[in-house]
Amino acid sequence: MLTQARLSVGCGLVFPAVQLTAAVSDACKARVRKAPAFQLLAAGAAAKGKDAGAPARRHACASAAAEQEQLDDDDDDDDDDDDDDAAADDDEVEHVQMIGEVCAALLAWFGVDAIAHLEGSLVLPFLVNLATTRAHADGGTDAHVALRGVAITTVSDLLEHTVSAPAHVGAIPQPVGAAAAAPTAPLGTHPAQKYVAAVLAPMGAGAASEDVRLAQAALHGLGLAAERAGKLLTKQATAHAVTLAAAWLRAPDAFTLRTAAVCSAATLMLARALAHRARFFDASTVLPLVLAAIGRMHDTEDLAHALRQLCALGESEAGAVLLRDAIVADAPLATSMLIALARSLGSSEAADDAALASRFTELARRVAAAAPADALHALASALAPPQQRALQAAIGAAC
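Residues numbered from 1 in each chain as written. Predicted model: local features only at pLDDT ≥ 70, side-chain atom pairs only at ≥ 80, totals over all residues. Heavy atoms only, no water.

Q: I'm lost on the overall build of the chain in this one. Help?
A: Secondary structure summary: the chain contains 21 helices and 0 strands in total. Residues classed as buried in the chain amount to 52% of the 399 residues present. Excluding contacts between residues fewer than 6 apart, the proportion of contacts in the chain whose partners are at least 24 apart in sequence is 75%. Accessible surface, the chain: about 17000 Å² in total, of which carbon and sulfur atoms supply 54%. (Helix = DSSP H or I, 4+ residues; strand = E, 2+ residues; numbered from the N terminus. Buried < 20%, exposed > 50% of the residue type's maximum accessible area, 1.4 Å probe, protein only. Contact = heavy atoms within 4.5 Å. Areas by Shrake-Rupley, 256 points an atom, 1.4 Å probe, with all protein chains shown as cover.)

Rendered as structure tokens:
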């Protein structure tokens, strides 16, 4: 396990403070590329039983934008000045992307202990500045989009890895006499508070972007904010974020090849909002959107997270009523939900986590019990045999 001293050395290797105040210099680029820094982080990951590559997954928004920018540049070599500018943009994106990946790794492995080091090396101020100053940058180039995506994703990493989720902030109130929920735990004096507060508005702007990569990163961040940001995300901001996410699912091109990833992020965002802030918007109109979309999600990690949120919703008395009312008279919604549960029950994640599998099984039983008969009949043609068997074992009925 890495000590605090070694963590500080790791930050120093990758994030020289003087290099990050304005631009990523050649010296910084060279340091970022050097294997020892990444080997140091990988050693810490191995000691903690982590996958050294996993924390970088969501930073694909920036790298995809950089690749597209490079393709665009290759098609137009007529203007040397423009080429030089584009190359500089690509170079900046590439190395800020590297910084974001290492930042994600440090937060994933060291949690709140990493924040002081990332502040001391000016990494967090630098990235948040990118999100806030580039949010309305002229031109809206792919490079600008990519840089905003890195900054927004880093704040999402802050929320995911350093802030505990409060117990149902804004959730549907329990009936009188029901067991009280655990006290909420807003960020308060948490060192991540100022960064989260600064990037919530750029997240909202990003969720409305036509660029699907930026919108995906922003919706992921808004979902985590709905779950963990407490009062920093106001009622009005919650309702607005829900509206933006719902718009992606209502669009004519929802879940096409271009929008599949952003629609998965929108579905997860709405599921988190339903589980934690359902009284801040009309949950009865949002839940059917989520149920219809969840069976179409292709990202297995997002799907598992979305089902966890719906489990939390269904485990409250009021949430269970809301869920039952949504599916009792709508066979397609019930079928979509059961398809998602069948896929997840047959996944390696459920196989490795008995508690998670138990929650999915209980939710599947509740959905199957409330679903119209037509919903079960439709599953035979929608599921592969292994998924049919997994669902049949859960609900105790033939699919």
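Q: What is the right way to look at the pattern of salt bridges in this model?
A: Where charged atoms from two side chains of opposite charge come close, those side chains can pair. Considering all chains together, one arrives at 7 salt bridges under this definition. Between Arg-213 and Asp-211 there is a salt bridge, with the nearest N and O atoms lying 2.8 Å from each other. Comparing Arg-213 with Asp-211, the two get one shared label, buried. Ionic pairing is found between Glu-315 and Arg-359, a salt bridge with its closest N-O pair at 2.9 Å. Placement of Glu-315 in the loop between α15 (300–314) and α16 (317–327) and of Arg-359 in helix α19 (residues 354–370) is noted, with a sequence separation of 44 residues between them. On the basis of relative accessibility, which here comes to 49%, the residue Glu-315 falls in the partly exposed class. Taken together, the shared-partner salt bridges in this structure form one network comprising Glu-227, Arg-228 and Arg-272. (Salt bridge = Lys/Arg side-chain N within 4 Å of Asp/Glu carboxyl O.)

Q: What exactly am I supposed to notice about the environment of Leu-224 here?
A: Structurally, the position occupied by Leu-224 is in helix α11 (residues 212–228). Exposure remark for Leu-224: the relative accessible area of 0% places this residue in the buried category. The spatial distance from the C-alpha of Leu-224 to the C-alpha of Leu-268 is 9.4 Å, given a sequence separation of 44 residues. Look past the residues within four positions of Leu-224 in its chain and what remains in contact with it is Ser-156, Leu-159, Glu-160, Ala-229 and Arg-272.

Q: What exactly am I supposed to notice about helix α9 (residues 142–162) here?
A: The periodicity of an α-helix, 3.6 residues per turn, causes residues three or four positions apart to be oriented the same way. Relative to the 30 Å expected for 21 residues at 1.5 Å per residue, α9 spans 30 Å between its end C-alpha atoms, a close match to the ideal helical length. For α9, the buried fraction is high: 19 of the 21 residues fall into the buried class. (Expected span 1.5 Å × (residues − 1).)

Q: Could you clarify how one ought to interpret the packing of helix α8 (residues 123–133) against helix α10 (residues 193–207) in this entry?
A: Running from N to C, α8 and α10 point in directions that differ by 20°, and their axes come no closer than 9 Å. What the angle tells us is that α8 and α10 run roughly parallel. Taken as a pair, α8 and α10 cross one another with a handedness that is left-handed. In contact with Leu-124, Pro-125, Val-128, Ala-131 and Thr-132 of α8, α10 contributes Tyr-195, Ala-198, Val-199 and Pro-202. Residue classes in the contact of α8 with α10 are distributed as 8 nonpolar, 1 polar and no charged. (Axes fitted to C-alpha atoms, helices over the stretch in contact; angles between N-to-C directions. Parallel < 35°, antiparallel > 145°, perpendicular 65-115°, else oblique. Left-handed = near helix turned anticlockwise from the far one by under 90°. Nonpolar A, V, L, I, M, F, W, Y, C, P; charged D, E, K, R; others polar.)

Q: Just checking my understanding: could you explain helix α21 (residues 385–395) for this structure?
A: Listed as buried for α21 are Gln-388, Ala-390, Leu-391, Ala-394 and Ile-395. Seen from one end, α21 has its buried residues packed into an arc of 165°, which puts them on one side. Turned more than 90 degrees from where α21 packs its buried face, Arg-389 and Ala-393 sit exposed. Looking at the buried side of α21, the elements it contacts are α17 (331–345), α19 and α20 (373–382). Downstream of α21 by a residue or two, Gly-396 has a phi angle that is positive, lying close to 70°. (Arc of directions from axis to C-beta.)

Q: I keep staring at the confidence of the model for the chain and nothing clicks. Help me out?
A: Chain-level pLDDT for the chain is 75 on average; 68% of the residues reach the 70-or-more range. Confidence drops under pLDDT 50 across residues 1–11; counting only partners more than four residues distant or on other chains, this segment forms 19 contacts. Note on residues 13–57: pLDDT under 50 across the span, and 75 contacts to partners over four residues away in sequence or across chains. (pLDDT = per-residue confidence, 0-100.)

Q: It is not clear to me how the side chain of Ser-316 should be interpreted in this structure. Could you clarify?
A: With respect to the helices and strands, Ser-316 occurs in the loop between α15 and α16. Here Leu-313 takes part through its backbone oxygen, which lies 2.9 Å from a polar atom of the side chain of Ser-316. (Polar contact = N/O pair within 3.5 Å; in protein donor to acceptor, adjacent residues only side chain to side chain.)

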